[in-house]
Structures are given as structure tokens and as C-alpha cells.
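# Architecture and fold: a report
Chain residues, written in single-letter form:
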Amino acid sequence: MDTENTLAAPALSLLRQVTGTPLAPERLEALLAAGAPILEEIARLRTVDLADLHPAVIFEPTAAYRRAGR
Amino acid sequence: MSDDELHWASMARLRALMADGRTSSEEVTRHLLARIGALDTRLGGFVHVAEDALAQARASDRRRRRHGARALEGIPVALKDNYLTRGQPTTAGTTAAGIAFPQDADSACAERLRAAGCVLIGKTRTHEFAWGTVSPPTANPWDLERIPGGSSGGSGAAVAAGLVPMGMGSDTGGSIRIPASFCGTVGLKPTFGRVSRHGIVPHSWSLDHPGPLTRTVEDAALTLDVLAGYDPRDPACQDRPVPDHAQDLGRGVRGLRIGVIDNHFMDRNTPAVQACIDARIADLARAGARVRRARMPILELGLAAIFAIELASSGAYHDRAVAEGRSAQFQPDVRDLVELGRLVTAVDYLKAEQVRARMAEEFRQLFEQVDVIVTPTEPLTAWKRGATHVRAGDRDESVLAASWRLTYPFNLTGLPAISVPCGFDDEGMPIGLQVAARPFDEVTMLRCAATVERMMGTPRRPALG
């Protein structure tokens, strides 16, 4: 992440736009530096192929009805 | 009743003493309020003590005389400061302006504890929004220069110091079990969906678990009896029968199949922790348990998965606070974690949920061969205040990464897990042993934990004066 830690202003601007973060460019730059180890850890997820696996997120269309007792 | 008897008595013991008329809720509550007043300026476990605690206790005594006792009649308990509690303030550990929580409603757990007759004596300190592991400025009762663990550090310190027999915690990556291990208490995280999260300030919706910190396994079982059950206000809460969680506490472990996962859980611990856990596993085998060793490579991706899920969830919950600039008032570590949430992509989030599905399946397969899994709760004992990195095994780690490494697998999988004291290191700091079980099989988990507790004999107490 070292190169991203010193992103040029246009790159920071693009990152702000794409992620929708309201943080000021200088705060975003500081956050990228502070959070680099965590973001590197998350990036490990991109190295594994899990395409055949349903994620542990289940949409339950009847939940609203169950909560309403119907 | 001597002072020592009153403040070190378990909930089960207090219940028996009150039933026999040897003490009253008012006497116990008055004593604990005095002890909180005397010791908590040094410990910092409480952020609020209920003005009406004695009135609650007197009302409980009157009710006992007129109508008999409910399950936990008259027993003083505390709630972590992220549980809404009627008549008491809730801050979730934040002082940021513009963030307030209602004081006129109870969380589901507060409701159930009240309905069981408990005296809600006060609120215990949490790391801001239940992030983090140090619960500043709470001290560890075993060494005031050390952290108590977190984020339920206030409950851990208060229970370990004899200020209260039970304190509620919440556990998103280990926040009940970490302070339990560091403070030498029992800490129980039930199965996801066993206890309602209604009225707890959310941290990460699919990872948050409510549960108790106590001084005995029996008290954890008695508390779970009261807390467990369906609540339609929590979309994840499951409508299942609630067993008597204490039914097998005295059964021992003969014939029990114990799993030990050698990678991840047993390969990067301090020598003191490793020796202690190895000794307890050998004790369990001598007591008749059958030990099966296993490996689970998917655990290598657990940290990535929980970071992605927790940061994205916390980022979503606090999105308005970030947008309006209020997150700038959060503690620096919490602010970083919350604001990083926007940088987790949807693809990374869903890949984390795929890792989670794989991990749940691999644990399910292991549970075809074993009844419980035993691990250390923590790879090390409580560290000195101010440390940002620690060494356990062959590498330095951030305190966050080290402290939840052995606990978060059971948040990702929603499996029940408990920490029970199992020894001390050379510096006199407690070590915890973690027992996990199949979903909704808390009874077997508690059976194993109770056996470990009996092996340890009379518990040591911190010297606090």
C-alpha cells in the first residue's frame, strides 16, 4: 500500500468520488496510511477463488411478515 | 454474613442465602454499592451507578416476602454501557456531540433481567462503540497497570474485583471472552440468535452477540436460562426451546470428544499460555475425554473476513456520523476503523461472507467427529497500558490482531463459546481456556467448562484491599 499512501491529488479525488467518502483529501490520505495493514489483510480475500460458494448472507422475503406475526 | 462472603458469593450462592433468609437483596446491594464506592475510583469499571439501586433491592425483598422469588430475585447485576436501560444513561462509550441514546426504554436483556428479579446496579465501561480491546481507562484488578481487555472491560474488571457477581457484555469479535480471559472470569458468548440483541447499540449486525461475564460457570448457565428465548424484535433471534443450561454441569467429561485445532489456535501463543492449555487438555483426557487433533486451513483468511465484515458494517451504521463530521470526535483508533468502512468494496465484503460460509461448513464437519473444541481464549495474558504491539509466537502483532485472533472464528461462525479461567502465568496474570460447541449446544459447552473449573479448585482472588 506504500504507493497508495502517497497518492497524488487526482487519485485521491477519484478515490473519494468512487467510494463516496465525505472525508477531506488530507484526512483520506492519513487514513490510508493508518489503515494500510488492515486494507492489506482484506486484500487477501482477492487471492482466493470461492465462486461456487453461496455467501453467508441469506435474503428472507418472509421476514417482514414473520415479524408482523402474519 | 462477612464482607468477603457477600462480595465473592456467586449468584447461585446469593440466591440460596436469600432464600434461607440469611441475607437480603438490600444487604447485598448496600454492601456492593459501598465496595464500588471504595474500589472503583482505581478500577474505573463503572460509568454509572443506579441512584435507585437500593430502592430496587427493597422492592425485590418485599416481592419475595409477598409473592415468592423469581429466578434471580434480588441479585445485583451490571450492564455494559451499550445496553439501553430504562432510567439509566447509555453512551456506548462515546462523548461525541450529537450522539444520544434513549433512557426511557430497556434492551431485551435488561427487560429479562428485571423480569427475573435482578437489581440493575449500574452500567459498565465499554471501549467506544464496543470497538477496541483496552476499555480505557478501566484497570485490570490483577495489576492496575494492565488493561482489562475489551470491549466489555468494565464488566470484566467489576466481576473480577467482586463489585458485582454478573456483568453483561457484548461480543462482536471476542469482546466478552477477551476481558474474561484477561481478568480471570467466565465469559459466555451464546449461539448467534439464542439471545435477543434488541436495544443494544449495534456494532456489526451479523457478528454481535450478548452474553454474561460471571465468576462461575454455573452463574453463566443461570444467566443464560434467563436471557435465552425468542424475541421478534431481533431479526436474527431464533424461536427454539430453551433448555436447563445447568443440567450437565456436574456430569464430567468421560466419553466427551474434544477437538483441538493445531493451526491458528495452538501455534502462536506465549509459552506460558501454551503450557497451561496443554496441561488442561491433558487433564481433560485423564478425566475420560477423548482428544482428537485437527487442522483447518480456512482460518488463515479469518482476519481478512472479519475485518471486511466488521468495517463495512460499522461504516454503514456510522455513515451519517462520518458524513456530518461527527466521527472526528471519536477516539482516534475507533475513528480510523469506522472511516475505513467506506474503503471496503462490495466484492470484498461478499468474498468475506463466502469465507464465512466455508468456515461454518468446515466447523460443521469437525463437529461430526467431536462434541466441543478447546482452545486458548487469548494467545497471551493482559499487557501493560499503552502497548500498541505485542509479541506472541514468532511475530509482533497489533494488539487488536492478537487479542481477537482466537475468538473471532466463533463470531464469524456464530458458534457458542465460553472462556473459563484455567491458570496463571509467571507474573500472576490469569489465563483463559475457550470451549466452543455446535450451534445451540450450550449445555455440552458448559459441561466441559464446568469440568475445567472444578479442576482448578478454589479460585484465587485479586488483592485489592
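What you see is a predicted model, and the numbers here were worked out from it, not measured in a lab.

Calculation criteria
Residues numbered from 1 in each chain as written. Chains lettered and ligands numbered in written order. Predicted model: local features only at pLDDT ≥ 70, side-chain atom pairs only at ≥ 80, totals over all residues. Helix = DSSP H or I, 4+ residues; strand = E, 2+ residues; numbered from the N terminus. Rg over C-alpha atoms; globule rule 2.2 N^0.38 Å. Contact = placed C-beta atoms within 7 Å. Buried ≥ 20, exposed ≤ 12 C-beta atoms within 10 Å, placed from the backbone. Expected span 1.5 Å × (residues − 1). Nonpolar A, V, L, I, M, F, W, Y, C, P; charged D, E, K, R; others polar. Axes fitted to C-alpha atoms, helices over the stretch in contact; angles between N-to-C directions. Parallel < 35°, antiparallel > 145°, perpendicular 65-115°, else oblique. Pairing = 2+ DSSP bridges. Core = buried A, V, L, I, M, F, W, Y, C linked by C-beta atoms within 7 Å. Arc of directions from axis to C-beta. Left-handed = near helix turned anticlockwise from the far one by under 90°. pLDDT = per-residue confidence, 0-100.

### Some remarks on the overall build of chain B
From N to C terminus, chain B includes 16 helices and 13 strands. Its C-alpha atoms give chain B a radius of gyration of 21 Å, near enough to 23 Å, the size a compact globule of 465 residues would have. Its C-alpha atoms give chain B principal-axis dimensions of about 60 × 60 × 45 Å. Relative to all contacts within chain B whose residues are 6 or more apart in sequence, the contacts with residues 24 or more apart total 76%.

### Structural notes on the overall build of chain A
A tally of regular secondary structure across chain A gives five helices and zero strands. Helices and strands in chain A line up, N terminus first, as α-α-α-α-α. Among the 70 residues that make up chain A, the fraction classed as buried is 11%.

### A word on helix α13 (residues 346–366) of chain B
End to end, α13(B) covers 30 Å across 21 residues, agreeing with the expected 30 Å (1.5 Å per residue, within 8%). Regarding α13(B), the residues found buried are B:Asp348, B:Tyr349, B:Lys351, B:Ala352, B:Glu353, B:Gln354, B:Val355, B:Arg356, B:Met359 and B:Phe363. Against the buried residues of α13(B) lie α4 (36–43) of chain A together with α10 (302–317) and α15 (409–412) of chain B.

### Describing the interface of chain A and chain B
Contact residues are listed per partner, giving 24 residues for chain A and 28 residues for chain B. Among the secondary structure elements, those contributing two or more residues to the side of chain A that touches chain B are α3 (25–34), α4 and α5 (63–67) of chain A. Per-element tally for the side of chain A that touches chain B: the top contributor is α4(A), with five residues. Partitioning the side of chain A that touches chain B into residue classes produces 16 nonpolar, five polar and three charged.

### Details of the packing of helix α2 (residues 9–19) of chain A against α3(A)
All names here are of chain A. Where α2 contacts α3, the axes come no closer than 10 Å and their chain directions differ by 90°. Of the possible angle classes, the one that applies to α2 and α3 is roughly perpendicular. Contact residues: α2 offers Ala9, Leu12, Ser13, Leu15 and Arg16, while α3 offers Pro25, Leu28 and Glu29. Looking at the contact of α2 with α3, its residues break down into five nonpolar, one polar and two charged.

### Focus on the pairing of strand β12 (residues 417–424) of chain B
Residues and elements named next belong to chain B. Burial runs high along β12: seven of the eight residues are buried. Summarising the sheet, β12 and strand β13 (residues 430–437) pair through seven bridges and their orientation is antiparallel. Across the sheet, residue Gly423 finds its bridge partner in β13, namely Ile431. Remark: five residues form the turn of the hairpin made by β12 and β13, two consecutive strands paired antiparallel; Gly428 in that turn has positive phi of roughly 80°.

### Considerations on unusual backbone geometry
Residues and elements named next belong to chain B. The omega torsion of the bond from Gly150 to Ser151 falls at 15°, within 30 degrees of zero and hence cis. Examined against the element boundaries, Ser151 turns out to sit in the loop between β3 (119–124) and α6 (153–160). You will see that Ala92, though not glycine, has its phi angle at about 55°, which is positive. Looking at the secondary structure, you find Ala92 in the loop between β2 (76–80) and α5 (108–115). Here Ala92 falls in the buried class, since 23 other C-beta atoms lie within 10 Å of it. Of note in this structure, Phe440 is not a glycine but carries a positive phi near 65°. Residue position: Phe440 is located in the loop between β13 and α16 (442–455).

### Here we look at the nonpolar core
Among the nonpolar cores identified, the biggest contains 144 residues, and B:Ala305, B:Ala308, B:Val372, B:Ile418, B:Val435 and B:Ala449 are the most heavily contacted of them. Of all the elements, α10(B) adds the most residues to this core, at nine residues. Setting aside residues up to four positions removed in sequence, B:Ala305 forms contacts with A:Leu45, B:Ala352, B:Val355, B:Arg356 and B:Leu412.

### Digging into helix α9 (residues 271–286) of chain B
All names here are of chain B. Taking 1.5 Å per residue, 16 residues should reach 22 Å; α9 reaches 22 Å between its end C-alpha atoms and fits that length. Three or more residues of α9 are buried, namely Val273, Cys276, Ile277, Arg280, Ile281 and Leu284. Axial view of α9: buried residues confined to an arc of 135°, hence all on one face. Opposite the buried face of α9, by more than 90 degrees, sit the exposed residues Pro271, Ala282 and Arg286. If you follow the buried residues of α9, they end up packed against β7 (257–261), β8 (290–294), β9 (372–376), β12, β13 and α16.

### What to know about the packing of helix α3 (residues 25–43) of chain B against helix α4 (residues 53–67) of chain B
All names here are of chain B. Running from amino to carboxyl end, α3 crosses α4 at an angle of 160°, the nearest separation of the two axes being 8 Å. What the angle tells us is that α3 and α4 run roughly antiparallel. Every pair of crossing elements has a handedness; the one defined by α3 and α4 is right-handed. Seen from α3, the contacting residues are Ser25, Glu26, Thr29, Arg30 and Leu33; seen from α4, they are Ala53, Leu54, Ala57, Arg58, Ser60 and Asp61. Here the contact of α3 with α4 is built from residues that sort into four nonpolar, three polar and four charged.

### Quick notes on the confidence of the model for chain B
Here chain B averages 96 in pLDDT, while 100% of its residues score no lower than 70. Scored by ipTM, the complex comes to 0.83, with pTM at 0.95.

### A closer look at the environment of B:Asp394
Residues and elements named next belong to chain B. Within the fold, Asp394 resides in the loop between β10 (389–392) and β11 (395–398). Residue classification places Asp394 among the exposed residues on the basis of 7 C-beta atoms within 10 Å. For the pair Asp394 and Asp267, spaced 127 residues apart in the sequence, the C-alpha separation amounts to 9.2 Å.

### Some thoughts on the pairing of β10(B)
Residues and elements named next belong to chain B. In the sheet, β10 pairs with β11 via four bridges, with the strands oriented antiparallel. Of the residues in β11, the one forming a bridge with His389 is Ser398. Hairpin connection between β10 and β11: a loop of two residues separates the two successive antiparallel strands, and Gly393 in this loop has a positive phi of roughly 80°.

### Some points on the environment of A:Val57
For A:Val57, the location among the structural elements is in the loop between α4 and α5. Spatially, the C-alpha atom of A:Val57 lies 33 Å from that of A:Ala30, the residues being 27 residues apart in sequence.

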